[in-house]
Amino acid sequence: MEKRTLWTSCYFVRFVTLFICARASGNLPQCKETDYYFEYTECDSTGSRWRVAIPHRQESCSGLPEPVRGTDCTFSCEAGEFLEMSSQQCTSCAAGSYSLGSGVRFDQWDSIPAGFSSLATYMDSGGSGDDSMTCNNSSWTAQGTHLESNRDDCTVSLVYAVHLMKQGSVSFDYQYVDSNVFFEFFIQNDQCQEMDQTGSEKWIKLTNNGEWGTHTVNLKSGTNILYWRTTGMLLGGKPVKPVLLKNIQIEGVAYTSECFPCRPGTFSKTPGSSSCDLCPRNTYSGKGASSCTPCSETQYSQEGWSQCKERPPCSEKDYFQIHTACDSDGKTQILYRWVEPQVCVENVTGAVTLPPSGEKEECPPCNPGFYMHNTSTCLPCPQGTYSDGTTECQRCPGGTEPSLGYEYKWWNILPRNMKTSCFNVGNSKCDEMNGWEVAGDHIRSGVGGSDNDYLILNLRVPGFKLPTSVDDASATEFGRITFIFETSCSADCELYFMIDVNRKSTNVVESWVGSKIRQAYTHIMNKNASVSYTWAFQRTNKASDVRQYVNDIAKIYSIMVTNAMDGSASGCHACAMMSQQDGSSCVPCPAGHFINKDTNQCQECPPKTFLSGHHIYGHEACQPCGPGSRNNKEHSVCYNDCSFSHMEQNRTLTYDLSALSTVGSIMNGPSFTSKGTKYYHQFNISLCGAEGRKVAVCTDNVTDLSSKDLQNESADLNNFVETFVCQSTIIPADGRGFRSSLSSQSISLADTFLGASVDSSLDGVTVSSDLFSESSRKVPDINFFYRSPQPTASCLNGRSTVVTLRCNPEKSPRGELTVPSKCPAGTCNGCEFHFLWESSSACPLCTETDYHSIEGACKGGVQDTLYVWNEPKLCTKGVLLPNKTSAHCEVVSLWVKAGIGGGAFVAVLLVSLTCYFWKKNKRLEYKYSRLVMSANKDCELPAADSCALAEGEGEDNEDDVVYSNTPSLLGKLKAIASKADGDNSESVQLKSSQSERWVWG
């Protein structure tokens, strides 16, 4: 109460002051209604305000109306009304104007409206003075019907500040087709603090080419600063496609004190309108019009034009040719038609006329799967039958079933499940035109209304139906589309191929810029879903209101879709039979089985093979797995179980790679665009997967995993790829002042595992020896080979990836990923990617040959044996190093033992020899004694044949010999010697039956 009294007192003081001033200037004229206007004061804390009169010019008149209490601060009129301040009552808008009540709308973009500003993030040229290297020239630009963002890689924000007296909202229409642009919408308060928003409110979803989306965000009362911010990524030198904005509408303002006049080219014919309508073709209007004025006969206008233009003379660009449908005689002909709506004039100098119609000719045959119902109509074959398009439909032979699908190669009429349209962002000139026209053996892009039209061709497939014998649960391919096309362009034309799955969002699969020779493109469907295939051709993406490049065309010669649910059959394929009896029905084969050609029975694929995605007929349907891989239970894929073995120099090397089974990541860079945006390339690698499942994931848009909102976002917001190896382009949070890191351009580099080998080449994929330095260790590198068969505009044969595993005991079990030094982006040509993964886990498992033993000295009767690894140690895990062993031993050393043993042996040998020779000597002495005794008895020497005794003779009588006083042998020898000195000696030969001897006497 005190505050309201104080507020009233203040205005009373002001009124008294004005009254005194008026008395002081008594010569001033009395104020009229045209001399002043009314305004509301600021609202107080109770939500009250006052209406006061403010003169247009100070001290120009006297007698201003007294202040009166105003309406409540939250008061607002309905749409189509405004608040008339003199009566403070809501009044309907007059014809030719409109009002949103408590809102404001911006739908006229001849220039950027007051209150809006365009702000580039990087405005510092760095002293170079070269604007081309900075963002000084980057801004949002007005294009009449919409705003267009910058086309370079600068960050540019469109900013608008609004003060709301109550909670409201902001909505806008946008077109956002290029994933190389980051488009975000966020709100700040008057303290420049960002309001809390979910990821779906901040990050704008992509739209289809030529289509507009609508985005709405709730606003809080108070000051709201709105930001539309775009950031382009020019990584391949190709300009980005701009974001387009129109129809920005803000709800929640306090009141509207006047209605807005309709912009030129629009009108509102009834009072109380909340919007204005576009003027029809061949009419125009100025600002604030309640009706449209027709153009003269020599002029024309398009819908929503503010003026008429003179009709130009007709030229070759104003007509096109069509093929008529087959008539009752089975004939067709080429006709020429003016482009509608026709704006050119035929009967003036320099104008051309329509060419005459062509001669009638035979209609092309029906497309495969169709038959000629009569001479003019082609109908699909009934269920269970087939036709090649030239014959009547026939039943499939026993043991076969129809191959359902679409095969369009003759284009006399547009197939029933296809449609064509034309769309332009800035006008509606081509809305009723055909985007594509049939032309006999091909279908071609139409002329359109202007060169930047999107010429659209659409094919709808309700779903896919696999052959009866194929198991749905284990199928990896549900269908495929293959089309043959070519483009011929003189400008920057582009052909898009897009897919919309389950009517959620259309994504560009591939695009081709400029002229392209006749070629085929195939896309495989890996899940069963309703899908819409779209081709969009644009001659130039620059704003254009004329047809300058009408001769730039795109042609599609054939389109083939396999396993289409509602398709017709052009042939039959074998199926598995319940039995070999005639009339037996087709039955599904279990997972991992193929159809035996001889028996038409299901048979399981051999080990280490997988079923190809195209067919299961014949043994050749089971494709062999690559080296180092095995098949899963369903034979649907081959995979590596994170193990590997290799024979090296008669030794089997076994590897356990389980430590590398989780997803590995490497981020290289940073790199910079021409405008200074910092970005990285991040690669996620799933070496083994999970029994063939691909677990490496790369996500587009937001990658701030610390935000709970982003973790809970649906898959519709974040586009992602799931594969063995994928790549994303990452812009860090500090790259352009973003709150979170951003991820874009996620692509798959490895959809299929080919095998693992120590060889440098496998299935056409090769590792160059100069990519990485050679290993100084003797353990061979292991190469994991992958391929992504999906062709692209720059990689016609798809992409390939090789991950090289190298043994490095100094690394951890998880190791370290690197890329080639000469190819820091992981690839040198954009199609072949290479990575080196050094890890101790890449070393083979240890075996008994990887260590040796060392025996210690004998101490205290105990000897220890130690086991140590061979150096350098190039193995891991496997067998454990044996524990130290101990054994009993003698103190005497081995050489001493050897010496003693040798001495004992020599002693025994000498004793034995002494005994032997002693015994021999005794025998000889005995024999000689007998001989001497015999000689002394007869006083003569015995005869040669009887004196000597044979060895052994007389041994029995040895005991009878008595050696009494008989000289020893030594004495006898001395006696003989002394005798020989004195007398002449005579030699006598003694003879024996055993041997011959010489005896000296």
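Computed from a prediction, not measured in an experiment: that's the story for all the values here.

## With respect to the sheet that holds strand E67 (residues 862–869)
Next, step 1: Taking strand neighbours across the sheet as the criterion, the 3 strands line up as E66-E67-E68 in an open arrangement whose pairing is antiparallel. In the strand order of this sheet, the two ends are held by strand E66 (851–855) and strand E68 (885–888), each with one partner. This sheet shows a mean twist of 25° between the axes of neighbouring strands, independent of strand direction.
Next, step 2: Bridge count between E67 and E68: 4 bridges; the pairing is antiparallel.

## Notes on the state of the cysteines
Next, step 1: Throughout the structure, instances matching the rule amount to 23 disulfides.
Next, step 2: Here Cys 262 is linked by a disulfide to Cys 276, with a sulfur-sulfur distance of 1.9 Å. Of note, the bridge from Cys 262 to Cys 276 carries an S-S torsion of about -80° and is left-handed in sense. Placement of Cys 262 in the loop between strand E17 (260–261) and strand E18 (266–267) and of Cys 276 in the loop between E18 and strand E19 (277–278) is noted, with a sequence separation of 14 residues between them.
Next, step 3: Given a relative accessible area of 0%, Cys 262 falls into the buried group.
Next, step 4: One disulfide in the model links Cys 279 with Cys 292; its S-S distance is 2.0 Å. Between Cys 279 and Cys 292, the S-S dihedral sits near -80°, and the bridge is therefore left-handed. In this pair, Cys 279 sits in the loop between E19 and strand E20 (283–284) while Cys 292 sits in the loop between E20 and strand E21 (293–294), placing the two residues 13 residues apart along the sequence. For the pair Cys 279 and Cys 292, one class covers both residues: buried.

## So, the confidence of the model for the chain
Next, step 1: Model confidence for the chain is summarised by a mean pLDDT of 80, while 84% of its residues fall at 70 or above.
Next, step 2: Taken as a whole, residues 702–717 scores under 50 in pLDDT and shows 29 contacts with residues more than four places along the chain or in a different chain.
Next, step 3: Within the model, the stretch residues 943–951 combines pLDDT values under 50 with 16 contacts to residues more than four positions away or in other chains.

## Concerning the environment of Thr 332
Next, step 1: Along the chain, the position of Thr 332 falls in strand E25 (residues 331–332).
Next, step 2: Judged by relative accessible area, which is 3%, Thr 332 ranks as buried.
Next, step 3: Residues Thr 332 and Glu 361 lie 29 residues apart in sequence; the distance between their C-alpha atoms is 5.4 Å.
Next, step 4: Leave out the neighbours within four places in its chain, and Thr 332 touches His 323, Thr 324, Glu 359, Lys 360, Glu 361, Glu 362, Cys 363, Pro 364 and Asn 412.

## Things to note about the sheet that holds strand E13 (residues 181–188)
Next, step 1: One open sheet accounts for 4 strands, arranged E8-E11-E15-E13; its pairing is antiparallel. The sheet is open, and its two edges are formed by strand E8 (116–120) and E13, each paired on a single side. The sheet shows a mean angle of 20° between the axes of neighbouring strands, taken without regard to direction.

## Structural notes on a nonpolar patch on the surface
Next, step 1: Where nonpolar side chains cluster on the molecular surface, the patch consists of Phe 905, Val 906, Leu 909, Leu 910, Leu 913, Tyr 916 and Phe 917 and spans about 730 Å² of accessible area.
Next, step 2: Judged by relative accessible area, Leu 909 falls into the partly exposed class, the value being 42%.

## Topic: the pattern of salt bridges
Next, step 1: Going through the model one piece at a time under the given rule, you end up with 15 salt bridges.
Next, step 2: Between Glu 184 and Arg 229 there is a salt bridge whose closest N-O contact spans 2.7 Å. Of this pair, Glu 184 sits in strand E13 while Arg 229 sits in strand E15 (residues 222–232), placing them 45 residues apart in sequence. Like Arg 229, Glu 184 is buried.
Next, step 3: Among the ionic pairs, Asp 850 bridges to Arg 651, the shortest N-O distance being 2.8 Å. Residue Asp 850 is located in the loop between strand E65 (832–839) and E66, and its partner Arg 651 is located in strand E51 (residues 651–656); the two are separated by 199 residues in the primary sequence.
Next, step 4: Classification of Asp 850 by relative accessible area gives buried; the value is 11%.
Next, step 5: What makes Arg 651 partly exposed here is its relative accessible area of 29%.

The rules behind these values
- Residues numbered from 1 in each chain as written.
- Predicted model: local features only at pLDDT ≥ 70, side-chain atom pairs only at ≥ 80, totals over all residues.
- Heavy atoms only, no water.
- Pairing = 2+ DSSP bridges.
- Helix = DSSP H or I, 4+ residues; strand = E, 2+ residues; numbered from the N terminus.
- Axes fitted to C-alpha atoms, helices over the stretch in contact; angles between N-to-C directions.
- Disulfide = S-S within 2.5 Å.
- Buried < 20%, exposed > 50% of the residue type's maximum accessible area, 1.4 Å probe, protein only.
- pLDDT = per-residue confidence, 0-100.
- Contact = heavy atoms within 4.5 Å.
- Patch = residues over 30% accessible without salt bridge, like charges linked within 9 Å, V, L, I, M, F, W, Y side chains within 5 Å.
- Areas by Shrake-Rupley, 256 points an atom, 1.4 Å probe, with all protein chains shown as cover.
- Salt bridge = Lys/Arg side-chain N within 4 Å of Asp/Glu carboxyl O.

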